[in-house]
Amino acid sequence: MTFDHQEKIRLEKEMKEKALEQLSGSRDIVEYLDFTLKNFAYRYLESESTGELNPEWHFDDKSDCGCIEVIAFEDNLAQALKTKNALTRKGIISMASQFKKSDKPKVKYSLGIKWENLKSSPFKLVTYADVNWSHPEHSFESGLKHTMEKTFSYQDAFDMRNNFPKDLEEVCDIL
């Protein structure tokens with residue numbers, strides 16, 4: 001082994017230990033997930049009409065399970081129609097054709113993460129995105145929505161920190 005290779009291995013180990021130390025408990029992981037979700041909400045959901053969005057936590061320390069979710073209502077349909085997803089776009093166009101502007105139709109967006117037992121190894125995160133165009137009630141049962149949910153498994157907090165953003169990106173394809 002060369003000195004450079006040994007130094008690289010040492011630095012990688014040091015970085016992993018530092019990351020694991022920073023994400024040592026469930027609460028630290030949830031705070032990281034909150035930070036990441038807020039960034040994705042800014043990128044995919046926020047607009048002039050939604051304003052700044054903040055994730056809501058539903059967290060149970062005792063059972064180590066919970067969820068973080070961002071919900072947004074977009075009343076600017078021109079903004080909502082900027083989606084690149086054909087199914088989502090088709091649904092929004094269908095909704096827009098059924099309502100007058102004076103009805104103030106809105107599209108409801110949800111982006112979230114669910115988990116159970118972040119202390120286990122490996123642990124799983126369930127990510128989901130939902131676009132609901134069943135104005136005005138936005139009922140989940142209406143079928144007038146596009147939903148995607150994916151489950152990802154991580155060996156530890158370091159693995160999650162390195163891979164979670166690209167995994168979350170997958171469900172954002174419907175937004």
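Higher on the page you've got the structure.
Residues numbered from 1 in each chain as written. Predicted model: local features only at pLDDT ≥ 70, side-chain atom pairs only at ≥ 80, totals over all residues. Heavy atoms only, no water.

A word on the packing of aromatic side chains
Next, step 1: All chains considered together, the criterion is met by two aromatic pairs.
Next, step 2: Look at Phe40 and Tyr44: their rings are 6.1 Å apart centre to centre, the planes differ by 20°, and that puts the pair in the stacked class. Here Phe40 and its partner Tyr44 are both found in helix α2 (residues 26-44), four residues apart, which amounts to about one turn of the helix.
Next, step 3: Residue class for Phe40 comes out buried when judged on its relative accessible area of 8%.
Next, step 4: Judged by centre distance (6.0 Å) and plane angle (45°), the rings of Phe123 and Tyr154 are tilted. Of this pair, Phe123 sits in strand β4 (residues 123-132) while Tyr154 sits in strand β5 (residues 145-154); the two residues are 31 residues apart in sequence, bridging distant segments of the chain. Summarising the burial analysis for this pair, Phe123 and Tyr154 share the class buried.
Next, step 5: It is Lys114 that lies over the ring of Tyr128; its NZ or CZ is 5.2 Å from the centre. (Phe/Tyr/Trp six-rings, centres within 6.5 Å; stacked < 30°, edge-to-face > 60°. Helix = DSSP H or I, 4+ residues; strand = E, 2+ residues; numbered from the N terminus. Buried < 20%, exposed > 50% of the residue type's maximum accessible area, 1.4 Å probe, protein only. Lys NZ or Arg CZ within 6 Å of the ring centre and 35° of its normal.)

Let's talk about the nonpolar core
Next, step 1: By size, the foremost hydrophobic cluster in this structure holds 37 residues, and its most contacted members are Leu33, Leu111 and Leu125.
Next, step 2: For this core, the secondary structure elements donating two or more residues are α2, β2 (65-74), α3 (77-80), α4 (86-98), β3 (107-116), β4, β5 and α5 (157-171).
Next, step 3: Sorting elements by how many residues they give to this core places α2 first, with seven residues.
Next, step 4: For Leu33, the residues in contact, after removing those within four places along its chain, are Ile68, Ile113, Trp115, Leu125, Met160 and Phe164. (Core = buried A, V, L, I, M, F, W, Y, C linked by side-chain atoms within 4.5 Å. Contact = heavy atoms within 4.5 Å.)

Here's the deal with the layout of surface pockets
In this approach, a probe sized like a water molecule rolls over the atoms, and the result shows the empty space that is left.
Next, step 1: When its volume is computed, the largest pocket comes out at roughly 370 Å³.
Next, step 2: Lining the largest pocket are 17 residues, and of these Arg43, Tyr44, Lys82, Thr83 and Leu175 sit closest to its centre.
Next, step 3: At the level of secondary structure, the elements contributing two or more residues to the lining of the largest pocket comprise α2 and α3.
Next, step 4: The residue makeup of the lining of the largest pocket, split by class, is six nonpolar, four polar and seven charged.
Next, step 5: Taken together, Asp75, Asn76, Leu77, Ala78, Ala96, Phe99, Lys100, Lys101, Lys104 and Pro105 make up the full set of residues lining the second largest pocket.
Next, step 6: Split into classes, the residues belonging to the lining of the second largest pocket amount to five nonpolar, one polar and four charged. (1 Å grid on protein atoms, 1.4 Å probe; cavity = no way out; pocket = protein on both sides within 12 Å on 5 of 7 lines; lining within 4 Å. Points joined across faces, edges and corners; volume = space filled by probe spheres on them. Nonpolar A, V, L, I, M, F, W, Y, C, P; charged D, E, K, R; others polar.)

Examining the sheet that holds β3
Next, step 1: As summarised here, the arrangement of the five strands in space is β1-β2-β3-β4-β5, forming an open sheet in which the pairing is antiparallel. Of all the strands in the sheet, just β1 (56-60) and β5 have a single pairing partner and so form its edges. For this sheet the average axis-to-axis angle between neighbouring strands, irrespective of direction, equals 10°.
Next, step 2: The sheet strands contacting α5 are β3, β4 and β5, and the helix crosses β5 at an angle near 160°. (Pairing = 2+ DSSP bridges. Axes fitted to C-alpha atoms, helices over the stretch in contact; angles between N-to-C directions.)

Digging into the side chain of Thr127
Next, step 1: Counting through the fold element by element, Thr127 comes out in strand β4.
Next, step 2: The contact partners of Thr127, leaving out residues within four places of it in the chain, are Gly112, Ile113, Met148, Glu149, Lys150, Phe152, Phe164, Leu168 and Val171.

Quick word on α4
Structurally, the α-helix is built with 3.6 residues per turn, so residues lying three or four positions apart point the same way.
Next, step 1: Compared with an ideal rise of 1.5 Å per residue, which puts 13 residues at 18 Å, α4 spans 19 Å between its outermost C-alpha atoms and is within 8% of the ideal.
Next, step 2: Among the residues making up α4, those that are buried are Thr88, Gly91, Ile92 and Met95. The buried side chains of α4 occupy one side of the element, clustering within an arc of 95° when seen end-on. Residues of α4 that are exposed and angled more than 90 degrees away from the buried face: Ala86, Lys90 and Ser97. (Expected span 1.5 Å × (residues − 1). Arc of directions from axis to C-beta.)

Points about the pattern of salt bridges
Oppositely charged side chains may form a pair once their charged atoms are brought near each other.
Next, step 1: Under the definition given, this model contains five salt bridges.
Next, step 2: Here Lys38 and Glu52 are joined by a salt bridge, their closest N and O atoms 2.9 Å apart. Of this pair, Lys38 sits in helix α2 while Glu52 sits in the loop between α2 and β1, placing them 14 residues apart in sequence.
Next, step 3: The exposure class assigned to Lys38 is partly exposed, which follows from its relative accessible area of 25%.
Next, step 4: The residue Arg43 makes a salt bridge to Glu169 at a minimum N-O spacing of 3.1 Å. (Salt bridge = Lys/Arg side-chain N within 4 Å of Asp/Glu carboxyl O.)

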